[in-house]
Amino acid sequence: MENPLRGLPAPPPLGAAALPPGTYTGQVVLVTGGGTGLGKAIAAEFARLGADVVIAGRRAAQLDLACAELASVPGAGRVAAAVCDIRDPERVSDVFDAAEAAFGPPDVLVNNAAANFPCPAEDLSPNAWRAVVDITLTGTWFMTREFGRRHLAAGTPGSIVNIGASYAWTGGPGFAHSAAAKAGVKNLVETLAVEWGPYGIQINGLVPGLFPHADMTEDIRGGLDGAAPDGKDGRQPALRVGAPRELGWAATFLASPYARFVTGHTLVVDGANWQRRTLVNPEVVPVRAQLGRGPFRP
């Protein structure tokens, strides 16, 4: 008997676009953490639709490599990079100045930069907590605030996409620092959609599921050890992982003219994985045991 479990179909090939060619021609898109991984994949889809793209990050060498890659995307507009630590509000102002000097004021901001690593909550040091929260939440706020203030002052519309995480709803055992920060990011979406909507500024969230890519850290990649080389993954309802371009397509839609009445919403792109439940829950394994940590020693 043929196996009826097929999972969700594969996406269209790399290079396909979800929106009409030239949707973002004449638009400036600023992507934090755009030099690697999912940030670069998102930037590529905006570039494919004609945007002038500015990628921001802390490492100049990675940004230079990414710029060359993005500039080669068919249909791409101009591409520039800005070195920036989003934890520093002065540097945040500088990156907007650099983007404006290169191409003009950013019309779209994608807050993708974040930090994360697994750790039992009781082992988190003050510095470890700050390292994640300061980038993921405070840095996102600094970028969002600067974008909003500039558009409010100029009287121009704008669009923001914040990259979130599903444990903003569910909690994130083993990732208390990141889960708390992402919950704050989600709340910013809902709060600022109301505050800034009257001025023409929309803001939405975008939550990725499992999207393997070359820049994943070893600890995160270790969590994907069940995924087969062909991209199948029996642990998810879709029976596959995501392709990074699928997240890029979602981002370009949320910021596009076709989604102007969508604001304050967080879109989850994960094949329904975060909603999966079993009829009988498996045995509880404490986070310390899952991470191979011994008994807690203060």
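### Topic: the overall build of the protein chain
- In terms of helices and strands, the protein chain carries nine helices and seven strands.
- Taken against the 2.2 N^0.38 rule, which gives 19 Å for 298 residues, the C-alpha radius of gyration of the protein chain at 19 Å falls within 12% of a compact globule.
- Principal axes of the C-alpha set define a box for the protein chain whose edges measure 55 × 55 × 40 Å.
- Here the protein chain holds 298 residues, and 45% of them are scored as buried.
- By sequence separation, contacts in the protein chain at least 24 residues apart represent 76% of the contacts at least 6 residues apart.
- For the protein chain, the exposed area adds up to about 14,800 Å²; of that, 58% sits on carbon and sulfur atoms.
- Averaging the coordinates of the 25 positive side-chain charges in the protein chain and doing the same for the 27 negative ones gives two points 3 Å apart.

### What to know about the nonpolar core
- Ranked by size, the top nonpolar core spans 32 residues in total, and within it Tyr24, Val29, Phe46, Ile55, Val110 and Leu206 carry the most contacts.
- Those elements giving two or more residues to this core turn out to be strand 1 (28–32), helix 1 (37–48), strand 2 (52–57), helix 2 (60–71), strand 4 (108–111), strand 5 (158–163) and helix 8 (244–254).
- Apart from residues no more than four positions distant in its own chain, Ile55 is found in contact with Val31, Gly34, Gly35, Ala43, Leu63, Ala66, Cys67, Leu70, Ala80, Ala81 and Ala82.
- Core analysis: the next-biggest nonpolar cluster, separate from the first, contains 28 residues, Ala80, Ile86, Val132 and Ala193 among them.

### Topic: the side chain of Lys186
- Along the polypeptide, Lys186 turns up in helix 6 (residues 176–196).
- The residues contacting Lys186, other than those within four sequence positions of it, are Ala168, Trp169 and Thr266.

### Observations concerning helix 3 (residues 89–102)
- Taking 1.5 Å as the rise per residue, helix 3 with 14 residues should run 20 Å; its terminal C-alpha atoms sit 20 Å apart, in good agreement.
- Along helix 3, the residues classified as buried are Val92, Val95, Phe96 and Ala99. Down the axis, helix 3 shows its buried residues gathered within 95° of arc, on one side only. Exposed residues on helix 3 whose side chains face more than 90 degrees from its buried face are Glu90 and Ala101.
- Residues of helix 3 that are buried make contact with strand 1, strand 2, strand 3 (79–83), strand 4 and helix 4 (126–154).
- One or two positions beyond helix 3, positive phi appears at Gly104, with a value near 120°.

### Here we look at the packing of helix 1 against helix 8
- Two elements in contact, helix 1 and helix 8, have axes separated by 8 Å at closest approach and are oriented at 55°. Considering the angle they form, helix 1 stands oblique to helix 8. Judged by the sense of rotation from one axis to the other, the crossing of helix 1 with helix 8 is right-handed. Contact residues: helix 1 offers Leu38, Ala41, Ile42, Glu45 and Phe46, while helix 8 offers Pro244, Arg245, Leu247, Gly248, Trp249, Ala251 and Thr252.
- The residue makeup of the contact of helix 1 with helix 8, split by class, is eight nonpolar, two polar and two charged.

### Examining unusual backbone geometry
- Phi at Leu239 is positive, roughly 60°, even though this residue is not glycine.
- Take Leu239: it is sitting in the loop between helix 7 (218–222) and helix 8.
- Look at Ala272: it is not a glycine, yet its phi comes out positive at around 70°.
- Mapping Ala272 onto the fold places it in the loop between strand 7 (266–269) and helix 9 (287–290).
- On the accessibility criterion, Ala272 (33% relative accessible area) is partly exposed.

### Here's the deal with the state of the cysteines
- Summed over all chains, the structure comprises zero disulfides.
- With no disulfide of its own, Cys67 lies 14 Å from the sulfur of Cys84, the closest cysteine sulfur.
- For Cys67, a relative accessible area of 14% translates into the label buried.

### Remarks on the pattern of salt bridges
- The final tally for this structure, using the stated rule, is 14 salt bridges.
- When the shortest N-O distance is used, the salt bridge between Asp97 and Arg150 registers 2.8 Å. Linking Asp97 in helix 3 with Arg150 in helix 4, this pair joins segments that are 53 residues apart in sequence.
- For Glu146, the salt bridge identified is with Arg150, shortest N-O distance 2.7 Å. On the criterion of helical spacing, the pair formed by Glu146 and Arg150 is a turn pair, its members being four residues apart in helix 4.
- Look at Glu146 and you get buried, because its relative accessible area is 13%.
- Three or more residues are tied together by salt bridges with common partners; here these are Asp97, Glu100, Glu146 and Arg150.

Definitions and cut-offs
Sequence order sets the numbering: in each chain, residues are counted from 1 along the sequence as written. Only residues with pLDDT of at least 70 are given local features in this predicted model, and only at 80 or more are side-chain atom pairs given and counted; all residues enter the totals for whole chains, interfaces and linings. The side-chain numbers reported here are obtained from all heavy atoms of the structure, hydrogens and water having been left aside. The numbering of helices and of strands both runs from the N terminus, where a helix is a DSSP run of H or I of at least 4 residues and a strand a run of E of at least 2. Atoms counted for the radius of gyration: C-alpha only. Globule rule: 2.2 Å times residue count to the power 0.38. Per-residue accessibility, obtained with a 1.4 Å probe over protein chains only, is compared with the maximum for each type, and a residue is labelled buried under 20%, exposed over 50%, and partly exposed between these values. Here a residue-residue contact requires only that any non-hydrogen atoms of the pair lie within 4.5 Å. The Shrake-Rupley method, run with a 1.4 Å probe, gives the accessible areas here. Residue values count only the displayed protein chains as cover. When charges are tallied, Lys and Arg are placed among the positive residues and Asp and Glu among the negative ones, while His and the ends of the chain are skipped. Positions of charges follow a simple convention, taking NZ of Lys, CZ of Arg, CG of Asp or CD of Glu. Put simply, buried Ala, Val, Leu, Ile, Met, Phe, Trp, Tyr and Cys residues joined by side-chain atoms within 4.5 Å make one nonpolar core. Helices are assigned an expected span. That span is 1.5 Å times one less than the residue count. Directions are taken from the helix axis to each C-beta atom, and the arc is the one they span. A fitted line through C-alpha atoms serves as each axis, taken over the contacting stretch for helices, and the angle formed by two N-to-C directions is quoted from 0 to 180°. Any angle that is under 35 degrees is reported as roughly parallel, and any over 145 degrees as roughly antiparallel; angles of 65 to 115 degrees are reported as roughly perpendicular and all others as oblique. Whether a crossing is left-handed or right-handed is set by the direction in which the near helix is turned from the far one by less than a right angle, anticlockwise for left-handed and clockwise for right-handed. The residue classification treats Ala, Val, Leu, Ile, Met, Phe, Trp, Tyr, Cys and Pro as nonpolar and Asp, Glu, Lys and Arg as charged. All others, Gly included, are polar. Here, two cysteine sulfur atoms that lie within 2.5 Å of each other are counted as a disulfide. Salt bridges are defined as contacts in which a side-chain nitrogen from Lys or Arg sits within 4 Å of a carboxyl oxygen from Asp or Glu.

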